[in-house]
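Close look at the chain arrangement
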Amino acid sequence: MCHRYFIINKPYNMVSQFVSDVKVNLLSDLPFAFPEGTHAVGRLDSDSEGLLILTTNGRVTRLLFNKETPHIRTYLVKVKGVVSDKTLQYLQTGVPIRIAPSEMYTAVPEEAVIVSRPEGLFERGNDLPENAPHTWLRITLTEGRHRQVRKMVGALKHRCQRLIRLSIEDLELGDMQPGDVKELEEKEFFNLLKLDGN
């Protein structure tokens, strides 16, 4: 069987699945004829945007999440308020977040830096005005706790206003617009994700 491999720029307010028992925006609402058996690898929350992998190959999830070296994910994050140097240093060295009612976990990013809003960044319909106090961050993780980035910045008293996944390993969102779909050849797909496809 010849499997197929896609990346999309998942829009805001869309869940990372094709079917649901409740009325929500779904991947099946995108104007693209995905083949039968296509599923998302990993997920992005409804209120998050950016790079999402879709494939018909059921091995990809296991290969990616069971790698000997955890895979790297990079996010562009807009938070409320101005992040101070002290707060940034705290973020860089590890932030305790709650992962269960009685369990805390210290989340340590691979990288966390303040950045400028990228030129040509796609808009979001209900985005807050750029003149409201805010900070853009680029955060790179090898961990994948539930809503980890949002919990990390929230623990520092900076509410997450926008979260966009830019890359997974060497697979990048690039200039894709919300709802765009790009199909990749199998060899390129596995090479960019640093996976052994054999």
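To keep things clear, this report deals only with the structure shown in the data block. (Residues numbered from 1 in each chain as written. Predicted model: local features only at pLDDT ≥ 70, side-chain atom pairs only at ≥ 80, totals over all residues. Heavy atoms only, no water.)

Observations concerning the pairing of strand 1 (residues 5-10)
Along strand 1, six of the six residues are buried, which leaves the element largely enclosed by surrounding structure. Pairing geometry for strand 1 and strand 11 (residues 181-184), over four bridges, is antiparallel. Paired with Ile8 across the strands is Val181, a residue of strand 11. (Buried < 20%, exposed > 50% of the residue type's maximum accessible area, 1.4 Å probe, protein only. Helix = DSSP H or I, 4+ residues; strand = E, 2+ residues; numbered from the N terminus. Pairing = 2+ DSSP bridges.)

A short note on empty space enclosed by the protein
Considering all chains together, one arrives at one cavity of 30 Å³ or more under this definition. Counted as a void, the largest cavity has a volume near 30 Å³. Lining the largest cavity are Val83, Thr87, Leu91, Leu137, Val153, Leu156 and His158. Partitioning the lining of the largest cavity into residue classes produces five nonpolar, two polar and no charged. (1 Å grid on protein atoms, 1.4 Å probe; cavity = no way out; pocket = protein on both sides within 12 Å on 5 of 7 lines; lining within 4 Å. Points joined across faces, edges and corners; volume = space filled by probe spheres on them. Nonpolar A, V, L, I, M, F, W, Y, C, P; charged D, E, K, R; others polar.)

Regarding the environment of Lys157
Following the sequence through the fold, Lys157 ends up in the loop between helix 3 (148-155) and strand 9 (160-168). Residues Lys157 and Gly81, spaced 76 residues apart in sequence, show a C-alpha to C-alpha distance of 8.9 Å.

Overview of helix 3
If you check which residues of helix 3 are buried, you get Gln148, Val149, Arg150, Met152 and Val153. Contacts made by the buried residues of helix 3 are with strand 4 (73-80), helix 2 (85-93), strand 5 (95-100), strand 6 (103-107), strand 8 (134-141) and strand 9. Phi turns positive, to about 70 degrees, at Lys157, one or two residues after helix 3. (Contact = heavy atoms within 4.5 Å.)

Regarding the layout of surface pockets
By volume, the largest pocket amounts to about 380 Å³. The set of elements that each furnish at least two residues to the lining of the largest pocket consists of helix 1 (59-65), strand 4, helix 3 and strand 9. By residue class, the composition of the lining of the largest pocket is nine nonpolar, six polar and eight charged. Taken as a whole, the second largest pocket encloses approximately 230 Å³ of empty space.

Observations regarding the pattern of salt bridges
Following the criterion strictly, the structure yields 12 salt bridges and no others. Taking the shortest distance from any N to any O, the salt bridge between Arg124 and Glu49 comes out at 3.8 Å. Pair noted here: Arg124 is in the loop between strand 7 (111-115) and strand 8 and Glu49 is in strand 3 (residues 49-55), with a separation of 75 residues, a long-range link. Comparing Arg124 with Glu49, the two get one shared label, buried. (Salt bridge = Lys/Arg side-chain N within 4 Å of Asp/Glu carboxyl O.)

Notes on the pairing of strand 9
For strand 9, the buried fraction is high: eight of the nine residues fall into the buried class. As defined by bridge partners, strand 4 adjoins strand 9 across seven bridges and the pair is classed as antiparallel. Looking at the pairing, Tyr75 lines up with Arg165 of strand 9. Relative to strand 10 (residues 171-172), strand 9 is paired through two bridges, and the arrangement is antiparallel. When the sheet's bridge partners are listed, Ser167 is paired in strand 10 with Glu172. Here strand 9 folds back onto strand 10, and the loop between the two strands holds two residues, one of which, Glu169, carries a positive phi near 50 degrees.

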